[in-house]
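Topology and contacts: notes
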Protein chains: 2
Amino acid sequence: MIDTERLDATFHALSDPTRRAILARLAQEGDVAVMDLAEPFAMSQPAISKHLKVLEKAGLVSRGRDAQKRPVHLEAQPLAEATGWLIEYRKYWSAQFGRLDDLLDELQKLEEAAGRN
Amino acid sequence: MIDTERLDATFHALSDPTRRAILARLAQEGDVAVMDLAEPFAMSQPAISKHLKVLEKAGLVSRGRDAQKRPVHLEAQPLAEATGWLIEYRKYWSAQFGRLDDLLDELQKLEEAAGRN
DNA sequence: CCTATAAATAACTATATGGTTTTGTAACCA
DNA sequence: TGGTTACAAAACCATATAGTTATTTATAGG
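Bear in mind the structure is a predicted one, so any value in this text is a computation, not a measurement. (Residues numbered from 1 in each chain as written. Chains lettered and ligands numbered in written order. Predicted model: local features only at pLDDT ≥ 70, side-chain atom pairs only at ≥ 80, totals over all residues. Heavy atoms only, no water.)

1. A few points about helix α2 (residues 17–29) of chain B
Residues and elements named next belong to chain B. Taking 1.5 Å as the rise per residue, α2 with 13 residues should run 18 Å; its terminal C-alpha atoms sit 18 Å apart, in good agreement. Taken together, the buried positions of α2 are occupied by T18, R19, R20, I22, L23, L26 and A27. A side-chain oxygen of the first residue of α2 lies 2.8 Å from the backbone nitrogen of T18; this N-cap is D16. Positive phi shows up at G30, right after α2, with a value of about 80°. (Helix = DSSP H or I, 4+ residues; strand = E, 2+ residues; numbered from the N terminus. Expected span 1.5 Å × (residues − 1). Buried < 20%, exposed > 50% of the residue type's maximum accessible area, 1.4 Å probe, protein only. Polar contact = N/O pair within 3.5 Å; in protein donor to acceptor, adjacent residues only side chain to side chain.)

Right under this line is the structure:
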C-alpha cells in the first residue's frame, strides 16, 4: 500500500467513534474476542465485524485464533504514521511549544479539563 | 460540537489526500484563494469548494474576504485535538520512546527515508 | 450599466458507508 | 454424531460521499 493510501485508510478508520472505542479498549485490555468487543455497543455482531474489517484494512488491528475465537490485536504502527503526519503541523497550533514534550504536557492538561473521549 | 463529533469530523476531513494536500499548502503558503487551491488538481472548482466545506465543518479552515476572493485560512486547533487523541497511544507503537522528542526524531528519520506525503 | 471574475449553490450520478437480518462455516464439546 | 459457540459472509437498505455540469450570487472595474 502506498503511503497516501495507508494514511487515507488510517484517518478514515479513526473517523468513527465505535472504531476509536474499539482501539481504546484494545489498548487497555490487550487482545479481545469479537463478542466481547461488541458487548458494550447497541449494535449487532456483524456490524462490529465490519468495523473490524475497516480497522484491519488500515493495518490498525490483526487477528489471531483461539479455538472458535478470533482475538483482535492492536497494531499501533499506523497510529505512529498518522501522528507523524500531524506532528508536522505542531508549530501552527501554538508557537509557544518549541519542545514536543511541552506540548504533550499542555495537551494532557486540556484532556483532564475536558474529560476523556 | 461535542468532543467526539469534532474528532469524527477532523479525522474524516484528514482521510482524503486532496484535503490533506490543501492543508499542507495552507501551512506552507498561508492564506490561499479557492481558484489557486484548485489549480494543481485535476478537479473542478465546485469539487474543491466541497472539500473546503468538509474542512470548514471540522474547523480546520476558516474563510476570509478579499474582493471577489474568499481566502482560505488554516485553523490548526482541531489538528492539536487529533494529535492529543493519537498521543495517548504513543507507548504502544514503541516502548523505547520514553520522551516524545525522541519519537519525533525517529519519525523524521522515517519521513526522510520514505519521501514526503 | 455592462461585463468579467471568484466562488457558492443546485441538481444529478455513481459508489461507499454503516447498519440490518439471515445464512454459512469452523472449532469445540457431549 | 449432533449441538453449541464464535464469527464471517451474503443480501439488502438508507444515507453519505465525491465527483460532474449548469446556474446563481457577489464584487470589481470600465
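2. Some details on the protein's contact with DNA strand C
The environment of DNA strand C is formed by 22 residues, the closest being A:S44, A:K50, A:H51, B:M35 and B:S49. Among atoms of DNA strand C positioned within 4 Å of the protein, sugar and phosphate together represent 65%. Within the side chain of A:S44, a nitrogen or oxygen atom sits 2.6 Å from a phosphate oxygen of DNA strand C. At a separation of 2.6 Å, a phosphate oxygen of DNA strand C approaches a polar backbone atom of B:M35. Contributing elements (two or more residues each) for the surface near DNA strand C: α4 (45–57) of chain A together with α3 (34–38) and α4 (45–57) of chain B. When grouped by side-chain class, the residues that make up the surface near DNA strand C number eight nonpolar, seven polar and seven charged. (Near = heavy atom within 4 Å. Nonpolar A, V, L, I, M, F, W, Y, C, P; charged D, E, K, R; others polar.)

3. Describing the protein's contact with DNA strand D
What surrounds DNA strand D is a group of 22 residues, the closest being A:M35, A:S49, B:S44, B:K50 and B:H51. Within 4 Å of the protein, atoms of DNA strand D come from sugar and phosphate in 65% of cases. Between DNA strand D and the protein, one listed contact pairs a base nitrogen with a side-chain N or O atom of A:Q45 at 3.0 Å. Broken down by class, the residue content of the surface near DNA strand D amounts to eight nonpolar, seven polar and seven charged.

4. Digging into the confidence of the model for chain A
In regions of low pLDDT, the predicted coordinates are not meant to be interpreted in detail. Averaged over all residues, the pLDDT of chain A equals 87, while 79% of them reach at least 70. Element-level pLDDT for chain A is lowest in helix α7 (residues 100–114) of chain A, with a mean of 60, against a maximum mean of 98 in α4(A). (pLDDT = per-residue confidence, 0-100.)

5. As for the packing of aromatic side chains
On inspection of all chains with the given rule, the structure shows seven aromatic pairs over all chains. A ring pair is formed by A:Y89 and A:Y92, whose centres lie 6.2 Å apart and whose planes are at 45°; its orientation type is tilted. Among the aromatic residues, those joined into a ring-pair cluster are A:F11, A:W85, A:Y89, A:Y92, B:F11, B:W85, B:Y89 and B:Y92. (Phe/Tyr/Trp six-rings, centres within 6.5 Å; stacked < 30°, edge-to-face > 60°.)

6. A short note on the environment of B:G64
All names here are of chain B. Within the fold, G64 resides in the loop between β1 (61–63) and β2 (72–74). Judged by its relative accessible area of 27%, G64 is partly exposed. A C-alpha to C-alpha distance of 9.3 Å links G64 and A33, two positions 31 residues apart in sequence. Ignoring any residue separated from it by four or fewer positions in sequence, one finds G64 in contact with K69, R70 and P71. (Contact = heavy atoms within 4.5 Å.)

7. Digging into unusual backbone geometry
Positioned with a positive phi, A:A67 is a non-glycine residue whose angle comes to about 60°. Positionally, A:A67 belongs in the loop between β1 (61–63) and β2 (72–74).

8. Points about the nonpolar core
Counting residues in hydrophobic clusters, the biggest one holds 58 residues, and the most contacted among them are A:L23, A:L79, A:W85, B:L23, B:L79 and B:W85. The residues touching A:L23, leaving out its near neighbours within four places in the chain, are A:L14, A:L55, A:L60, A:V61, A:L74, B:W85 and B:Y89. (Core = buried A, V, L, I, M, F, W, Y, C linked by side-chain atoms within 4.5 Å.)

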